[in-house]
Amino acid sequence: MMTRRHKTRLGAGTARAALLAAALPGLALAQSLTPEGQTLPVYGPTDPFLQDPAGPALAPTEDPGAVTRFADGTEASHTPSVASRPGTVRIAGSGEEAQGSPATLLADEVTLGADDKLTARGGVVIWYRGARLIASRVVYDNRTGAAEIEGPIHLTEPARAGTPQETILIADSAQLDPNMQDGILRGARLVLAREMQMAAREMRRSQNGAVTRLDNVVASSCQICAEDPIPLWEIRARAITHDARTRKLHFDRPQLRALGLPVASLPWLTAPDPSVERMTGFLQPQFRTTSGLGFGVKLPYFVTLGDHADITLTPYVAASRTSTLELRYRQAFSNGAMEWNGAISRDDIEEGETRGYLFGGARFELPRGYMLGLQIQMASNRAYLLDYDISEADRLWSGLTLDRVRRDRMVMARIGNYESLRDDEPEASTPSIVADALWKRRWTPDRIGGIASLEWSLHAHHRSSGEDVLGRDMARGSVALGWHRSEILRGGLVGTVEGHVNADIYRINQDSDYEDWVARADPTLAAELRWPLARYSGSVTHILEPVAQLVWSPERSREDDVPNEDSRLIEFDEGNLFSLNRFPGWDARESGFRANLGVSWTRIDPAGWSLGLTAGRVFRTEPDPAFAQAGPDGPAFTGPQGKKRSDWLLSTTYQGANGLALVNRALFDDSLTISRNELRLGWFRPGLQVSAGYLWLDADENENRAQDVSELTMAGGWQVARGWWATTETRYDFTADRAQKAQMGLEYRNECVTVEMSVERRFTSSEEVRPDTRFDLGIRLGGFGQQKPGPGTVARRACLR
């Protein structure tokens, strides 16, 4: 015989009998997150009917993160990302029902006795104000407002499931006060964000449910099952108080245990709950041992200065061999953000010397879409940056940038100072002040069609040296006008015609090898034919595309020569095989009549893999003097592009369905002598990440490369076992027959602890820099503040029987 289930709507007075508000722990408002996890800033006062994003403007990062490395040896200082102002306003409700709203009760049996008590028995389920209560028996006294609940009691908020604000409360029994917010729960267990769980004999809630106190409590974020009741770590305390308004956990007489054994005891402790993103307090300590500084400890202290600013102070003490104070300051504004990182040190490496560095970056949005950037980089020397693992940059740049990019136009400008940290590069030979400006626009002409472009640019740099040649200063003004048009011809041919005119005027000081003023103009005409062909054989697709391009520009005269300052590194690959000018800057340009010929073939397999080949070569009527190398008997036309016929370019790519990718690019002459070869490999699968590269470059005086380069780099990570993730990184110089860098790392992550270990050997040596070995160790307990899962993480949230 089945018992009929009763569904009842309770009135305002009886609504409190639903009891959900009584047992539901109060939670702070949820953060609004972008897909990248960046918290959104709040702009101005919040209308209760207009739901604006809430939360701090700065993401809760603990370290600067990766930086961008440029070809000139500089790095970009880190600038925190701030979410942009929302473009639309979403109207939404408060997400919480009114205080007097009715509750919905579902039970096998509901009775109202003569003593004015409401009793619900058998599979009781109550929905009230977004929460759900499951119990076996509920008794509500309408006269006193008191309520008694018999368990097992299970209280959740389904709308918050899977979020940092999710809370689960389990208890054996409960007795609530008339306000239906405060009361006593016996045999209670509180789970915050499915991470931190606390079990206590008794739980008391007060201040309208905002404060929860658990007595004789055990807390842990580790999995605890009947077959394995001893967690990896736990905290036993006389009492734990959770304040939902401040989102803090206060421990009274806590004792930390590992595998059931006492490790440490404290009189009190305050920690953030799992929903916290940013809060003042100590961050994860880091233990470090280096051959130069010995054993040391870093203990960062994070201070929030509101939702839009924070500061991190990190004392670093190492075996009486260094006293260092690191500092990071971040601030977000309504139109941008800035971050400053610095440190000051006294150590035994350079006794009696005070060393330090300051790296700062800022970026602001100006009216009409302009972006203003600021960067400051200063350091005592490169050895300091390497000794303290700050940066591998060997040039520093400080200055201002201004840019604005639109679909059809672009404005960019910058002015700043270079500081060289290279031993083989005198400071006087490096331009100390460099300024650039660029304006570019493109449009579609009405009558001739195609795409036209107009570009203006300015450049100037100054060296501190007053010597001839070594202290050369330059200024340049340039204008470029271009047009190109493509059409599909008969037979599927694609024809393109292009025309460009470049004009420059130079002012050269302190260099007797060149004229003081140089003006030049370089017109360029080009025509190109492509014939894309496709063939389908079964489910396999073959694509073949031969390309022929003819380019003409007048040959340069001696009077047009200028120093080549901005085009020293020249690429020759499938990306610029059909470029009219392969020099990256303005000082050097290709000239003469030349033909760029190439063909590409691609095979696309239905199994998910593809293979591609690209081959090409450049033919010239005469060797281009722009690629010539200075020799004792005059210019030497050597190198991949210095002869009438360039080296062969052969590029191969493979992309597999299993995550494997291979790219090889080679330059070789008719005798198959390789001048350049670059091999890159990437393999990304669940549990495996491998990235490797091999580079071979012939010596080239034009690129300031006196010796051949033969270098192998590799970085990888793989899951050794459940929860264990290993990493490795190395760089080996075959020309010098020695490693430059080697690193091994091991991480263990599960639901309650993260252990990170790494050992690194740096082989760099010079007058200031010496080889160094470093070992790092970091341990972090889960459940305190929001944490992101890492590779190899094992999050065991339920016991499996």
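Parameters and conventions
Residues numbered from 1 in each chain as written. Predicted model: local features only at pLDDT ≥ 70, side-chain atom pairs only at ≥ 80, totals over all residues. Heavy atoms only, no water. Helix = DSSP H or I, 4+ residues; strand = E, 2+ residues; numbered from the N terminus. Buried < 20%, exposed > 50% of the residue type's maximum accessible area, 1.4 Å probe, protein only. Contact = heavy atoms within 4.5 Å. Areas by Shrake-Rupley, 256 points an atom, 1.4 Å probe, with all protein chains shown as cover. Pairing = 2+ DSSP bridges. Disulfide = S-S within 2.5 Å. Salt bridge = Lys/Arg side-chain N within 4 Å of Asp/Glu carboxyl O. Phe/Tyr/Trp six-rings, centres within 6.5 Å; stacked < 30°, edge-to-face > 60°. Lys NZ or Arg CZ within 6 Å of the ring centre and 35° of its normal. 1 Å grid on protein atoms, 1.4 Å probe; cavity = no way out; pocket = protein on both sides within 12 Å on 5 of 7 lines; lining within 4 Å. Points joined across faces, edges and corners; volume = space filled by probe spheres on them. Nonpolar A, V, L, I, M, F, W, Y, C, P; charged D, E, K, R; others polar. Core = buried A, V, L, I, M, F, W, Y, C linked by side-chain atoms within 4.5 Å. Polar contact = N/O pair within 3.5 Å; in protein donor to acceptor, adjacent residues only side chain to side chain.

Novice: Sorry, what's going on with the overall build of the protein chain here?
Specialist: A tally of helices and strands in the protein chain yields three helices and 46 strands. A total of 801 residues make up the protein chain; the buried ones form 41% of that total. By sequence separation, contacts in the protein chain at least 24 residues apart represent 50% of the contacts at least 6 residues apart. Total accessible area computed for the protein chain in this model is approximately 41400 Å², and 57% of it derives from carbon and sulfur atoms.

Novice: Would you mind going over the pairing of strand S23 (residues 354–365) with me for this structure?
Specialist: The two faces of a sheet get side chains in turn, since along a regular strand they alternate between them. Strand direction decides the pairing type here: strand S22 (residues 336–347) and S23, joined by 11 bridges, are antiparallel. Across the sheet, the residue bridging to Ile-344 is Gly-356, located in S23. Following S22, the chain reverses through six residues before pairing antiparallel with S23; Gly-352 in that reversal takes a positive phi of roughly 80°. Across nine bridges, the pairing between S23 and strand S24 (residues 371–379) is antiparallel. Among the inter-strand pairings, Phe-364 is bridged to a residue of S24, identified as Leu-372.

Novice: I keep staring at the state of the cysteines and nothing clicks. Help me out?
Specialist: A full pass over the atoms with the stated rule returns one disulfide. Linked covalently through their sulfurs, Cys-222 and Cys-752 form a disulfide whose S-S length is 2.2 Å. Sign of the S-S torsion, about 85° for the bond between Cys-222 and Cys-752, identifies this disulfide as right-handed. Separated by 530 residues along the polypeptide, Cys-222 in the loop between strand S10 (211–220) and strand S11 (233–243) and Cys-752 in the loop between strand S44 (738–749) and strand S45 (753–762) bring together distant segments of the chain. With respect to burial, Cys-222 and Cys-752 carry one shared label: buried.

Novice: Please explain the environment of Gln-629 as it appears in this structure.
Specialist: Relative to the helices and strands, Gln-629 resides in strand S36 (residues 629–631). The spatial distance from the C-alpha of Gln-629 to the C-alpha of Gly-639 is 8.5 Å, given a sequence separation of 10 residues.

Novice: In this structure, what is going on with the pattern of salt bridges? I would like to understand it.
Specialist: The final tally for this structure, using the stated rule, is 49 salt bridges. Across the pair Arg-485 and Glu-487 runs a salt bridge whose closest N-O atoms are separated by 2.8 Å. A network of salt bridges, in which partner residues are shared, links Arg-288, Asp-389, Glu-760, Arg-774 and Asp-776.

Novice: I tried to follow the pairing of strand S25 (residues 395–405) on my own but got confused; where do I start?
Specialist: Across five bridges, the pairing between S24 and S25 is antiparallel. When the bridges of S25 are listed, Leu-374 appears paired with Leu-400. With 11 bridges connecting them, S25 and strand S26 (residues 409–420) associate as antiparallel partners. Residue pairing across strands places Leu-396 opposite Glu-419, the latter belonging to S26.

Novice: So what exactly am I meant to see when it comes to the packing of aromatic side chains here?
Specialist: Each aromatic ring pair is summarised here by two numbers: the centre-to-centre distance and the angle between the ring planes. Following the criterion strictly, the structure yields 13 aromatic pairs and no others. Plain terms: the ring middles of Phe-282 and Tyr-301 are 4.8 Å apart, the flat faces sit at 65° to each other, and that makes the pair edge-to-face. A residue pair is termed long-range when its members are at least 10 positions apart, and Phe-282 in strand S16 (residues 281–282) and Tyr-301 in strand S19 (residues 301–304) qualify at 19 residues. Ring plane angle 70° and centroid distance 6.2 Å describe the contact between Tyr-694 and Phe-734, whose orientation is recorded as edge-to-face. A residue pair is termed long-range when its members are at least 10 positions apart, and Tyr-694 in strand S41 (residues 688–697) and Phe-734 in the loop between strand S43 (724–733) and S44 qualify at 40 residues. What links up through ring pairs into an aromatic cluster is the set Tyr-316, Tyr-357, Phe-359, Tyr-384 and Tyr-388. Geometry around Tyr-370 places Arg-404 over its ring, the cationic atom sitting 5.3 Å from the centre.

Novice: Any chance you could explain empty space enclosed by the protein here in plain terms?
Specialist: Over the atoms, a rolling probe the size of a water molecule traces out where space has been left empty. Counting across every chain of the model gives three cavities of 30 Å³ or more. The space that makes up the largest cavity amounts to roughly 100 Å³. Around the largest cavity, the lining residues are Ile-570, Phe-627, Gln-629, Thr-638, Gly-639, Pro-640, Gln-641, Gly-642, Arg-676, Asp-700, Asn-702 and Glu-703. Residues belonging to the lining of the largest cavity are distributed by class as follows: three nonpolar, six polar and three charged.

Novice: Got a minute to help me understand unusual backbone geometry in this structure?
Specialist: Backbone geometry follows two general trends: most residues other than glycine have a negative phi, and most peptide bonds adopt the trans configuration. The step from Gly-151 to Pro-152 runs through a cis peptide bond, and the omega angle for that step is 10°. Along the polypeptide, Pro-152 turns up in strand S6 (residues 147–156). Of note in the backbone geometry, Asp-389 takes a positive phi value of approximately 55° without being a glycine. With respect to the element layout, Asp-389 can be found in the loop between helix H3 (382–387) and S25.

Novice: I tried to follow the environment of Val-139 on my own but got confused; where do I start?
Specialist: With respect to the helices and strands, Val-139 occurs in strand S5 (residues 131–141). The sequence separation of Val-139 and Arg-121 amounts to 18 residues, and the corresponding C-alpha distance is 8.8 Å. Once residues within four sequence positions are removed from consideration, Val-139 is found in contact with Lys-117, Leu-118, Thr-119, Ala-146, Ala-147 and Glu-148.

Novice: Hey, could you run me through the nonpolar core in this one?
Specialist: One recurring pattern in soluble globular proteins is that nonpolar side chains are buried together. Residues Met-198 and Phe-251 are the most contacted members of the largest nonpolar core, which totals 41 residues. Membership of the second largest hydrophobic core comes to 13 residues, among which are Ala-318, Ala-379, Tyr-388 and Leu-396.

Novice: Honestly, the side chain of Ser-173 in this entry has me stumped. Any pointers?
Specialist: Note that Ser-173 resides in strand S7 (residues 167–176). Apart from residues lying up to four places away in sequence, Ser-173 is in contact with Ile-149, Gly-151, Ile-153, Ile-184, Leu-185 and Arg-186.

Novice: How should the side chain of Asn-576 be read in this particular structure?
Specialist: Mapped onto the elements, Asn-576 comes out in the loop between strand S33 (540–553) and strand S34 (592–604). Residue classification places Asn-576 among the buried positions, given a relative accessible area of 11%. A polar contact is formed between the side chain of Asn-576 and the backbone oxygen of Glu-571, at a distance of 2.8 Å. In contact with Asn-576, other than residues within four places in its own chain, are Glu-571 and Arg-582.

Novice: Looking at this model, I keep getting lost on the environment of Leu-533. Mind explaining?
Specialist: With respect to the helices, strands and loops of the structure, Leu-533 is situated in strand S32 (residues 533–537). As a C-alpha pair, Leu-533 and Leu-493 span 40 residues in sequence and 9.4 Å in three-dimensional space.

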